[in-house]
Amino acid sequence: MAIHRITPAIAVLIYFLLLALPSTTPIVAVSSLNVTAVLSAYPELSAFTALVSGTTIPSDLASRTSLTILAVPNSYLSASVDVTRHLSPTSLADLLRYHIVLQYISPSDLFKIPPSGSLLTTLFQTTGRATSNFGSVNITRNPSTDLISVRSPAPFSPSNATVLALIKTVPYNLSIFSVNSLLVPYGSDLTASETRPTLDLNITKALIDGHNFNVAASMLAASGVVEEFEADEGGAGITLFVPTDMAFAELPSSDSLQSLPAVKKSVVLKYHVLHSYYPLGSLESMVNPLQPTLATEDMGAGSFTLNISRVNGSLAIDTGIVLASVTQTVFDENPVAIFGISKVLLPREFFGKNPSDNTSSGRAVMSTAAPPDALSPDSYPEDGGPPSRLTSPPGSSTGAADNIVQRLILGWSCIVVYLLV
């Protein structure tokens, strides 16, 4: 038999070759969440879902991968029917956009909010029609009762609501909470035109004018991703973290960024961008420090995220292997914010100890647990409830270990077959 031609040395060689086989899948794009379909599964939200479906909001959310929706149940929305009935389509859409927070907040995240509250950006803020930062909501927690309240950041604003219960969580992508009232953004002109002024910012030129970002400007122009960034100016806006020329010069020789293939290099550049406009104050007050990037939208939920927090009085950005700080504001005008940072943000998915092409080939499976009767910290124990974004994202280590075990078994099987024959 042909198998007798395999010598022990060849069998051992086959074993080690099998161990060296790549264990990752090709880079694939992931589809967006269908928010309307998720909401439609809950009859108690039918009126709110119908209002959302009748606007352009579903298309506004087409490329989003990280959202929290504050939905008003039918029993509470009925008290506001007259308000919604007399609004123009544009005004109604803006009112509903104010109920969509542009980051994923898990139930456990809510109970980590300080009593002073946290300011969160909503979809309404990205339209350019919000006065000042009044397109954001301030979420507060009463430390005595753990009551979670949502209100306009304006002082003495009469518009506020209480969070009632968790409706649905899709870890790392979507949370839906019920609230007991419609939220009305303070100081907004709900009769304004739906069109927003076009900024038409040339990002490459803005970086060159900053006199310290020539390497980044050249890389963005050469890759072509800058055109994608500029296209987002007319949508929800973008926030760019741009390494200085010194940051590129200080890259260790072991981190061969320039030698990456074009596709991976493009992912790294997108890793420096959040798909929303966040002024410095909004970044500093984020409830959930783990934020998705444009690379997350390409590579899958839970991957290519940035941990943004305050460290020693400065805004810090942690990739898991690199800790950078924001050194300056290069440009800040809704819908574009550009910040200079001290280091190149290297994703652990490419530059960690066990780099991979993609940590997830798709979105996390939706949770099927029934919604609780009331929102309380005891309803969501850290070891049994929906996973928080503060925990490790899926596919980061366990999958790699399973792959190694499988290849070990396969390699030893080849040797055993030879010995038996």
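Residues numbered from 1 in each chain as written. Predicted model: local features only at pLDDT ≥ 70, side-chain atom pairs only at ≥ 80, totals over all residues. Heavy atoms only, no water.

Brief notes about the pairing of strand β8 (residues 238–243)
Thought 1: Of all 6 residues in β8, 6 are buried, a share of seventy percent or more.
Thought 2: Where burial is concerned, the two faces of β8 agree: the one with Ile238, Leu240 and Val242 and the one with Thr239, Phe241 and Pro243 are both buried.
Thought 3: Where β8 meets strand β14 (residues 336–341), 6 bridges bridge the pair, whose relative direction is parallel. Bridge pairing in β14 links Leu240 to Ile338.
Thought 4: Bridge analysis of β8 against strand β9 (residues 273–274) gives 2 bridges, and the strand direction is antiparallel. Note on β9: the bridge partner recorded for Thr239 is Leu274. (Buried < 20%, exposed > 50% of the residue type's maximum accessible area, 1.4 Å probe, protein only. Helix = DSSP H or I, 4+ residues; strand = E, 2+ residues; numbered from the N terminus. Pairing = 2+ DSSP bridges.)

Comments concerning the pattern of salt bridges
Oppositely charged side chains can pair when the atoms bearing their charge come close.
Thought 1: Considering all chains together, one arrives at 8 salt bridges under this definition.
Thought 2: We note a salt bridge from Arg97 to Asp94, for which the minimum N-O separation is 2.7 Å. A residue pair is termed a helical-turn pair when its members lie 3 or 4 positions apart in one helix, as Arg97 and Asp94 do in helix α7 (residues 89–97) at 3 residues. A single burial state applies to Arg97 and to Asp94, both of which are buried.
Thought 3: Ionic pairing is found between Asp94 and Arg129, a salt bridge with its closest N-O pair at 2.7 Å. Pair noted here: Asp94 is in helix α7 and Arg129 is in the loop between β3 (118–121) and β4 (136–141), with a separation of 35 residues, a long-range link. For the pair shown, Asp94 and Arg129 are each scored as buried.
Thought 4: Here the salt bridges share partners, and the residues they tie into one network are Asp60, Asp94, Arg97 and Arg129. (Salt bridge = Lys/Arg side-chain N within 4 Å of Asp/Glu carboxyl O.)

Here we look at the sheet that holds β8
Thought 1: The sheet built from 7 strands is open, its strands ordered β9-β8-β14-β13-β12-β11-β10 with mixed pairing. On the outer flanks of this sheet lie β9 and β10 (290–292), each paired with one strand and no other.

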